[in-house]
Amino acid sequence: MINQALIQVKDLCKNFGDLQVLKGINEEIHKGEVVSIIGPSGSGKSTFLRCLNLLEEPTSGQVIFEGVDIAAKNLNIDKHRQKIGMVFQHFNVFPHLTVLENITITPTLEKGVSKAEATEMGMRLLKKVGLESKADEYPRKLSGGQKQRLAIVRAMAMEPDVMLFDEPTSALDPEMVKDVLEVIKDLADNGMTIVIVTHEMGFAREISDRVLFMDDGIIAEQGTPEDIFKNAKNPRTIEFLSKVL
Ligand code: ADP
Ligand code: MG
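Let me sum up the structure you'll find in this document. Here the structure is a predicted model, which is why all the values come from computation and not from measurement. (Residues numbered from 1 in each chain as written. Chains lettered and ligands numbered in written order. Predicted model: local features only at pLDDT ≥ 70, side-chain atom pairs only at ≥ 80, totals over all residues. Heavy atoms only, no water.)

As for the packing of helix α3 (residues 99-111) against helix α4 (residues 115-128)
- Contact geometry of α3 with α4 gives a least axis separation of 9 Å together with a crossing angle of 130 degrees. Relative to α4, α3 is oriented oblique. Between α3 and α4 lies a crossing of right-handed hand. For the pair α3 and α4, the contacting residues are V99, L100, I103, T104, P107 and T108 in the first and K115, A118, T119, M121, G122, M123, L125 and L126 in the second.
- Of the residues belonging to the contact of α3 with α4, the class tally is nine nonpolar, four polar and one charged. (Axes fitted to C-alpha atoms, helices over the stretch in contact; angles between N-to-C directions. Helix = DSSP H or I, 4+ residues; strand = E, 2+ residues; numbered from the N terminus. Parallel < 35°, antiparallel > 145°, perpendicular 65-115°, else oblique. Left-handed = near helix turned anticlockwise from the far one by under 90°. Contact = heavy atoms within 4.5 Å. Nonpolar A, V, L, I, M, F, W, Y, C, P; charged D, E, K, R; others polar.)

Encoded structure:
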């Protein structure tokens, strides 16, 4: 169900030196919503996503997550960031830990979950994404698609309130894309709040409640998948879609 705003972004700006990358973004992400972000390369999609969990510090503006402005100076971000899972284009798993340890390490170290409990949860999550038999392997033995599925369940092990995905399938061989998208779709179907930057237009259309089109540091147009993919009004959206569809 979509009700309260989980994340509220107000007048978000981000500069890198003289380069203005985000030029005043106002947006709300609601609990249970699946929001896709599309747009040309360099338009600020990754920077926007990274500002949502303060991997990038906003130059100005607010990011209110569960009622707290996490962009405020002097705030201890760690506690809040635990609630925000993130999966990147390049599978960020720990190479020196086994598949199962990749999942159990953060809940045990940062949340005080017992080893036994973390192991049980880890095995349950691995089973869900078809990696149960890989529990004791090291990530180097996994394919790209398997690593990405591991990265997703590793983030899920922290029981986040929102999952951020930055082009989770764009570094994958084509035959591995489907399995990863299925895992994300499963999360969406189970009510997870998701913000995903993606070039998979068919997927965005299928899973999203809302699609944001970013262009040159702003959200130039947004709406339902139908609004954007069938009835886009902004010439920039139309031009972008004509290239990618
Ligand atoms: P997108 O994800 O839409 O391709 P990005 O958010 O990655 O766009 O980048 C937007 C702009 O910000 C680009 O011009 C990029 O070069 C610049 N940029 C991103 N990160 C940095 C950084 N850490 N330092 C300087 N410039 C950056
Ligand atoms: Mg990007």
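Right, picking up where we left off after that structure.
Section: unusual backbone geometry
- If you check the backbone angles, E66 has positive phi at about 50 degrees while not being a glycine.
- Tracing the chain through its elements places E66 in the loop between β4 (60-65) and β5 (68-69).
- Its identity as a non-glycine residue notwithstanding, N74 has a phi of 65 degrees, on the positive side.
- In this structure, N74 sits in the loop between β5 and α2 (77-81).

Re the site of ligand 1
- Taken together, F16, L19, V21, P40, S41, G42, S43, G44, K45, S46 and T47 make up all the residues around ligand 1.
- Contact distances for ligand 1 include 2.5 Å between an oxygen atom and a side-chain N or O atom of T47.
- Protein contacts shield 60% of the accessible area of ligand 1, which totals 560 Å² for the unbound molecule.
- Broken down by secondary-structure element, the contributors of at least two residues to the shell around ligand 1 are β2 (19-30) and α1 (45-52).
- If you tally residues by element for the shell around ligand 1, the top one is α1, at three residues.
- When grouped by side-chain class, the residues that make up the shell around ligand 1 number four nonpolar, six polar and one charged. (Near = heavy atom within 4 Å. Polar contact = N/O pair within 3.5 Å; in protein donor to acceptor, adjacent residues only side chain to side chain. Areas by Shrake-Rupley, 256 points an atom, 1.4 Å probe, with all protein chains shown as cover.)

Some words on the packing of α3 against helix α5 (residues 144-156)
- Relative to each other, α3 and α5 sit at 25 degrees, their axes nearing to 8 Å. With respect to their mutual orientation, α3 and α5 come out roughly parallel. Once α3 is placed against α5, the crossing between them reads as right-handed. Where α3 abuts α5, its residues V99, N102 and I103 lie against L150, V153 and R154.

On their own, these measurements won't tell you what the molecule is for.
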